[in-house]
Amino acid sequence: MKAIVVTGFGGTENLKYKDVEMPVIAENEVLIRVVKTSVNFADIKSRYGQKGATLPFIPGLDATGFIEKIGSKVSGLVEGQRVIAFPKNGSYAEYVAASDQLVFPIPDEFDFRTAAACPIVSFLSYRLLKNIAAMEKGETVLVHSAAGGVGTTAIQVAKILGAKTVIGTVGSRDKMKVAEESGADFVICYEEEDFAPIVNEITNGQGVDIVLDSLSGAVTENSFICLAPYGRLVHYGNSSGHVGTIKTVDLHASCRNVLGFSLGTTRKLRPHLLKETAEEVFPLIVNNQLKIKVGHEYSLEEAADAHNLMENRLNNGKILLNVDPNF
């Protein structure tokens, strides 16, 4: 089969389109013929050797396609079924193997484009807000990187869950419209303005109840300037490449919390939680309450171009790789 293989840590010149062996499934796994996959920032970090991968490897976190073969101990899934999956050894490939616990039937109302765009951003956004931050109706939410795949989705999920006000931050002025179109009430370009004082002004000095932070570094530190008493800062990534310092003095007296979450760790250690999330998220997409923004599409062979776009922070919404050109 054809796949994208990372042959060395570093730039996109290490992404090679080549022939590799077909996956062999275990008794509790399924083989999936991939139609589409998506590009996520974790793929960039893996390419640089920051995620513990061993060379050579196939990057990618999620895939959509048809079940080709089922292991002997798999139940509830059938050959030919359309599914979303989190495969065990990367998704930039024509075929992938996945544990049956991480395979989700695609609702009839979904096309493959929607299915490919939704799993990481919708599962992550929903768990961050509903389960980790325990968001309540009427609260105010600050979403960093608000024009990306997770950001545009998290804005919508916050509104669905009853947020009073959603504020987004973006890295460049041309991304402001994307966040606004996703439903943000206010959007701040943090490369031009210090976001914390503006957030405090918007909230009449009260600050926000929830911050979703995937950047780390100075953004994390400055978020405490506008985090309300009893507020929750949810940290789920460090795409800035810098480490943020959290001071204990910023926590106990103000009753504020810092919460960490990793979708990758959850897939490995508590996959049953994602079944629960899928059951709650899929109806929101079917009913058009939640719309997943697809900003860019490439062929599998063009994976390097897709990586360059994301790495240079030029993407708006999700980036898809079309593995099977017939869909």
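Residues numbered from 1 in each chain as written. Predicted model: local features only at pLDDT ≥ 70, side-chain atom pairs only at ≥ 80, totals over all residues. Heavy atoms only, no water.

J.: Which residues make up the pairing of strand β1 (residues 2-6), and what values go with them?
T.: Of all five residues in β1, four are buried; the element is thus mostly enclosed. Summarising the sheet, β1 and strand β2 (residues 15-19) pair through five bridges and their orientation is antiparallel. Bridge pairing in β2 places K2 opposite D19. (Buried < 20%, exposed > 50% of the residue type's maximum accessible area, 1.4 Å probe, protein only. Helix = DSSP H or I, 4+ residues; strand = E, 2+ residues; numbered from the N terminus. Pairing = 2+ DSSP bridges.)

J.: Give me the pattern of salt bridges: which residues, what numbers.
T.: Enumeration according to the criterion identifies 14 salt bridges in this entry. Measuring nitrogen to oxygen at the nearest pair gives 2.6 Å for the salt bridge that ties E297 to R113. Of this pair, E297 sits in strand β14 (residues 294-299) while R113 sits in helix α2 (residues 112-117), and the two are 184 residues apart along the sequence. Taking the relative accessible area as the measure of exposure, E297 reaches 35% and is therefore partly exposed. Taking the relative accessible area as the measure of exposure, R113 reaches 38% and is therefore partly exposed. (Salt bridge = Lys/Arg side-chain N within 4 Å of Asp/Glu carboxyl O.)

J.: Give me the lowdown on the sheet that holds strand β12 (residues 227-235), citing residues and values where you can.
T.: Each strand in a sheet pairs with another by means of backbone hydrogen bonds, the pair being arranged parallel or else antiparallel. Spatially, β10-β9-β8-β11-β12-β13 is the arrangement adopted by the six strands of the open sheet, whose pairing is parallel. Each of the sheet's edge strands pairs with one partner strand only, and the pair in question is β10 (186-189) and β13 (257-260). Averaged over neighbouring strand pairs, the angle between their axes works out to 15° when direction is ignored. Sheet topology places strand β8 (residues 140-143) next to strand β9 (residues 165-170); four bridges connect them, and they run parallel. In the sheet register, T140 faces β9, and the bridge partner there is T165. Helix-sheet contacts for helix α4 (residues 149-160) involve β8, β9 and β11 (208-213), and the interaxial angle to β8 is about 175°. The strands that helix α6 (residues 195-202) touches are β8, β9, β10 and β11; relative to β10, the one it contacts most, it runs at about 160°. (Axes fitted to C-alpha atoms, helices over the stretch in contact; angles between N-to-C directions. Contact = heavy atoms within 4.5 Å.)

J.: So, the packing of aromatic side chains: which residues are in play, and what are the values?
T.: In this structure the tally under the stated criterion is nine aromatic pairs. Considering the side-chain rings of F66 and F112, the 5.2 Å spacing of their centres and the 70° angle between planes classify their relative orientation as edge-to-face. Taken as a pair, F66 in strand β4 (residues 63-70) and F112 in helix α2 lie far apart in primary sequence, 46 residues in all. Taking relative accessible area as the criterion, F112 reaches 7% and is therefore assigned buried. On the numbers, 5.9 Å between centres and 80° between planes, the contact of F86 with F104 is edge-to-face. On the criterion of sequence distance, the pair formed by F86 in the loop between β5 (82-85) and β6 (95-99) and F104 in strand β7 (residues 103-105) is long-range, its members being 18 residues apart. Residue classification places F86 among the buried residues on the basis of a relative accessible area of 2%. Residue class for F104 comes out buried when judged on its relative accessible area of 2%. Grouping aromatic residues by their ring pairs yields a cluster made of F86, F104, F110, F123 and F282. Just above the ring of F112 sits the side chain of R82; from NZ or CZ to the centre is 5.2 Å. We note R267 situated over the ring of F86; from NZ or CZ to the ring centre the distance is 5.2 Å. (Phe/Tyr/Trp six-rings, centres within 6.5 Å; stacked < 30°, edge-to-face > 60°. Lys NZ or Arg CZ within 6 Å of the ring centre and 35° of its normal.)

J.: Outline the environment of T266, listing residues and values.
T.: Structurally, the position occupied by T266 is in helix α8 (residues 263-269). You can call T266 buried: its relative accessible area is 9%. Distance in space between the C-alpha atoms of T266 and G207 is 30 Å, their sequence separation being 59 residues. Every residue in contact with T266, bar those within four places of it in the chain, is listed here: F261, P271, L273 and L274. A polar contact is formed between the side chain of T266 and the backbone oxygen of S262, at a distance of 2.9 Å. (Polar contact = N/O pair within 3.5 Å; in protein donor to acceptor, adjacent residues only side chain to side chain.)

J.: Tell me about the side chain of S223, and name the residues and values.
T.: Its location among the elements puts S223 in helix α7 (residues 218-223). Separated by 3.0 Å, the side chains of S223 and H144 make a polar contact. A polar side-chain atom of S223 sits 2.7 Å from the main-chain carbonyl oxygen of V219. Setting aside anything within four residues of it in sequence, one finds S223 in contact with H144, F195, V211 and L233.

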